[in-house]
Amino acid sequence: MDEEQRRLVRKVIRQVHPDLFTAHPLEYHCNAKSLQTLNGYVDKISKGQSPGHCRLEFFVKKGSKLVQRKAELTEDGSLSPLLYAFDLISLHQLQNQRSSSCTSTTSTAAAAADTDFVQWLKDTVRDAVRTTERQDTLKLRIRDTTLLLQTRHKLSSLLVGSDHPASEVEQEKKLEALQILREELEALETAGQPVALDGLNVHLHHPDLCPLESAVPSPWPPAVDGERLFALGSGDGGGDGGGDGGGGGVGGDWKG
């Protein structure tokens, strides 16, 4: 594979990376699944084996729209159909490359011999797949920890961060915020200072992601030793504590 084809394949991978589609769950999982399929295809090429046929379906962003791209890869190991699906080569170029594949029985072996590029492609696709798996694991842990806290402390609701889909880094911070909240509530209970949160709607923020409007001048509940700041807020318009005058409720900076 020449340098131009390598550049085009890199362009495809970067357009379909799941990190770009966290706000679109269906498209996110579609791209992740096709990347896994492509990973298996490339893995066979790297071993000098016939990869067989595979069908790929990806979504890409075109301005404010999401556009679907489909490609059928054949057993010759050529990625040209994928490049054509992304409008990176012309129909004439695709047909010429198919003709070349038909007159040669060594295309897969040649692709396998291009070890540097095949290894890069394997690593890139595998990293994208692993990113997807890590994000799915984080989502599950956030859901389970949220449910545990909500049930144990009889909360009406517990929201972490914004409602918008989060990147992997933001999800890690959400999970960290939940874990520290859990630890601090348990520490207060152990110290004989349990916090009554029954029936409250709590909105929790990691300090790195906390919006300015969540901060209030006086702490609630009483500050405890620690370094991390959390904002707690109740959306029910009632309750006690240091509100900011904007509709009442429970709010404040929690040192944990």
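Within every chain, residues take consecutive numbers counted from 1 along the sequence as written. In keeping with the predicted nature of the model, local features appear solely for residues at pLDDT of at least 70, side-chain atom pairs appear and are counted solely at 80 or more, and the whole-chain, interface and lining totals rest on all residues. Only heavy atoms go into the side-chain values, all of them from the structure, while hydrogens and water stay out.

Taking an unreviewed UniProt entry as the reference, the protein is identified by name as DUF4460 domain-containing protein belonging to Polytomella parva.

**Considering the confidence of the model for the protein**
A score between 0 and 100, pLDDT records how confident the predictor is in each residue. For the protein, per-residue confidence averages 76 on the pLDDT scale, and 73% of positions sit at 70 or higher. Only heavy atoms enter the contact rule, under which two residues are in contact if any of them lie within 4.5 Å. Predicted confidence for residues 214–256 stays below pLDDT 50, and this span has 93 contacts to residues more than four positions away or in other chains.

**With respect to the side chain of aspartate 76**
Looking at the element boundaries, aspartate 76 is found in the loop between strand 2 (65–73) and helix 3 (80–85). We call two N or O atoms a polar contact when they sit within 3.5 Å, provided that within protein one can donate a hydrogen and the other can accept it, with sequence-adjacent residues counted only if both atoms are side-chain atoms. Of the polar contacts made by the side chain of aspartate 76, one reaches the side chain of threonine 74; its length is 2.9 Å. Polar contacts involving the side chain of aspartate 76 include one to the main-chain amide nitrogen of serine 78, which spans 2.9 Å. A helix here means a DSSP run of H or I that spans at least four residues, while a strand means a run of E at least two residues long, and both kinds are numbered starting from the N terminus.

**Here we look at helix 1 (residues 3–16)**
Helix length check: helix 1, at 14 residues, gives a terminal C-alpha distance of 21 Å against a target of 20 Å (1.5 Å per residue), a fit within 8%. Listing the buried residues of helix 1 in full gives Gln5, Arg6, Leu8, Val9, Val12, Ile13 and Val16. Here the buried residues of helix 1 occupy an arc of 165° about the axis, which is enough to place them on one side. More than 90 degrees from the buried face of helix 1, the exposed residues found are Glu3 and Arg14. To estimate the expected span of a helix, subtract one from its residue number and multiply by 1.5 Å. Buried, partly exposed and exposed residues are distinguished by accessible area as a fraction of the type maximum, computed with a 1.4 Å probe on protein chains only: under 20%, between the cut-offs, and over 50%, respectively. Think of it as the arc spanned by the lines of direction from the helix axis to the C-beta atoms.

**Brief notes about the packing of aromatic side chains**
Note on aromatic pairs: the rings of Phe, Tyr and Trp (six-membered ring only in Trp) are paired at centre separations within 6.5 Å, and the planes decide the class, stacked below 30 degrees, edge-to-face beyond 60, tilted for the rest. By the definition in use, this model includes one aromatic pair. Across from the ring centre of phenylalanine 21, 5.5 Å away, lies the NZ or CZ of lysine 61, which sits over that ring. When the ring centre of tyrosine 28 is taken as reference, the NZ or CZ atom of lysine 139 above it lies at 4.9 Å. Counting as a charge over the ring demands two things of the Lys NZ or Arg CZ atom: a distance within 6 Å of the ring centre and an angle within 35 degrees of the ring normal.

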